[in-house]
Amino acid sequence: MAEEEESQTIGPDFPSGRVKKIMKLDREINKVNSEALFLVTRATRMFLEFLAERSSEVAMEKKRKTVKLEHMRLAVKRHSPTSDFLLDSLPLPTQSVDNQANDKSRSRAASEEPVPPGTRTINQFFSSAVSEASNGDEN
């Protein structure tokens, strides 16, 4: 059995091209070598596994079979390093996703400084990926 584990190669679970595009959204990153791409992909997978496990534990504590947003929020709150950067990004359990998007767009204009001209945001990346996919369906 140990021989089987050694012979297996570890490959990324996320599409490498998509991860590379997201990494390149940072203007300071011009090239991404395969080792860095692999490590970022692997770290992302490990983080998502960690978040899923902790969220599942919270759901089981609450005697629920389905992991909900409130379980994820509680799992994030319990782990302070994750809470520091992720808690503000999670929607509140009482808000729907549509309402949260509207609230953020209203508050963003007043509370955040304007971004410098030519700055690419991750939202632009995903909206362009969706439009490319819909254009590909039409052809």
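Residues numbered from 1 in each chain as written. Predicted model: local features only at pLDDT ≥ 70, side-chain atom pairs only at ≥ 80, totals over all residues. Heavy atoms only, no water.

As recorded in an unreviewed UniProt entry, the protein chain goes by the name Transcription factor CBF/NF-Y/archaeal histone domain-containing protein, listed as coming from Trapa natans. Here the protein chain is described in UniProt, under the heading Subcellular location (unreviewed entry), as follows: "Nucleus". (UniProt positions renumbered as here; feature names shortened; annotations may be inferred.)

Peer 1: Lay out the nonpolar core with the relevant residues and their values.
Peer 2: Judged by nonpolar contacts, Leu51, Val76, Leu86, Leu87 and Leu90 together constitute the single largest core of five residues. Ignoring any residue separated from it by four or fewer positions in sequence, one finds leucine 90 in contact with Leu69, Met72, Arg73 and Val76. (Core = buried A, V, L, I, M, F, W, Y, C linked by side-chain atoms within 4.5 Å. Buried < 20%, exposed > 50% of the residue type's maximum accessible area, 1.4 Å probe, protein only. Contact = heavy atoms within 4.5 Å.)

Peer 1: Go over the environment of alanine 59 with me, naming the residues and quoting the values.
Peer 2: Tracing the backbone through its elements, the reader meets alanine 59 in helix H3 (residues 34-61). By relative accessible area, which is 1% here, alanine 59 ends up buried. Apart from the residues within four sequence positions on either side, alanine 59 is in contact with Arg64, Thr66, Val67 and His71. (Helix = DSSP H or I, 4+ residues; strand = E, 2+ residues; numbered from the N terminus.)

Peer 1: A description of the side chain of serine 55 should follow, citing residues and the corresponding values.
Peer 2: With respect to the helices and strands, serine 55 occurs in helix H3. Ignoring sequence-local partners within four residues, the contact set of serine 55 consists of Val67, His71, Met72 and Ala75.

Peer 1: I'd like a description of the packing of helix H2 (residues 16-23) against H3, backed by residues and values.
Peer 2: Where H2 meets H3, the axes come as close as 10 Å, and the angle between the chain directions of the two elements is 100°. Here H2 is positioned roughly perpendicular relative to H3, judged by the angle of their axes. Of the residues in H3, those touching H2 at Ser16, Val19, Lys20 and Met23 are Leu37, Val40 and Thr41. Of the residues assigned to the contact of H2 with H3, the class counts are four nonpolar, two polar and one charged. (Axes fitted to C-alpha atoms, helices over the stretch in contact; angles between N-to-C directions. Parallel < 35°, antiparallel > 145°, perpendicular 65-115°, else oblique. Nonpolar A, V, L, I, M, F, W, Y, C, P; charged D, E, K, R; others polar.)

Peer 1: I'd like a description of the environment of threonine 66, backed by residues and values.
Peer 2: Among the secondary structure elements, threonine 66 is positioned in the loop between H3 and helix H4 (69-78). On a C-alpha basis, the gap between threonine 66 and serine 56 in space is 8.1 Å, while along the polypeptide they are ten residues apart. Not counting residues within four places of it along the chain, the set of residues in contact with threonine 66 comprises Ala59 and His71.

Peer 1: Outline the packing of H3 against H4, supporting the account with residue identities and numerical values.
Peer 2: H4 packs onto H3 with a crossing angle of 115° between their chain directions and a minimal axis gap of 8 Å. One way to sum up the angle between H3 and H4 is to call them roughly perpendicular. The handedness of the crossing between H3 and H4 is right-handed. Within the contact between the two elements, H3 uses Leu51, Arg54, Ser55, Val58, Ala59 and Glu61 and H4 uses His71, Met72, Leu74, Ala75, Val76 and Arg78. Grouping the amino acids of the contact of H3 with H4 by side-chain chemistry returns seven nonpolar, two polar and three charged. (Left-handed = near helix turned anticlockwise from the far one by under 90°.)

Peer 1: Kindly report on the packing of aromatic side chains, identifying the contributing residues and their values.
Peer 2: Evaluation of the coordinates by the stated rule reveals one aromatic pair. Aromatic pair phenylalanine 47 and phenylalanine 85: ring centres 5.9 Å apart, planes at 45°, arrangement tilted. Placement of the pair is phenylalanine 47 in helix H3 and phenylalanine 85 in helix H5 (residues 80-86), with a sequence separation of 38 residues. (Phe/Tyr/Trp six-rings, centres within 6.5 Å; stacked < 30°, edge-to-face > 60°.)

Peer 1: Got a sec to walk through the pattern of salt bridges? Specific residues and values, please.
Peer 2: Counting across every chain of the model gives two salt bridges. A salt bridge links arginine 45 to glutamate 49; the shortest N-O distance between them is 3.0 Å. In this pair, arginine 45 and glutamate 49 are both assigned in helix H3, four residues apart and thus about one turn of the helix distant. Since its relative accessible area comes to 28%, arginine 45 is described here as partly exposed. Among the residues examined, glutamate 49 registers a relative accessible area of 33% and is labelled partly exposed. A salt bridge links arginine 78 to glutamate 61, with the nearest nitrogen and oxygen atoms 2.9 Å apart. (Salt bridge = Lys/Arg side-chain N within 4 Å of Asp/Glu carboxyl O.)

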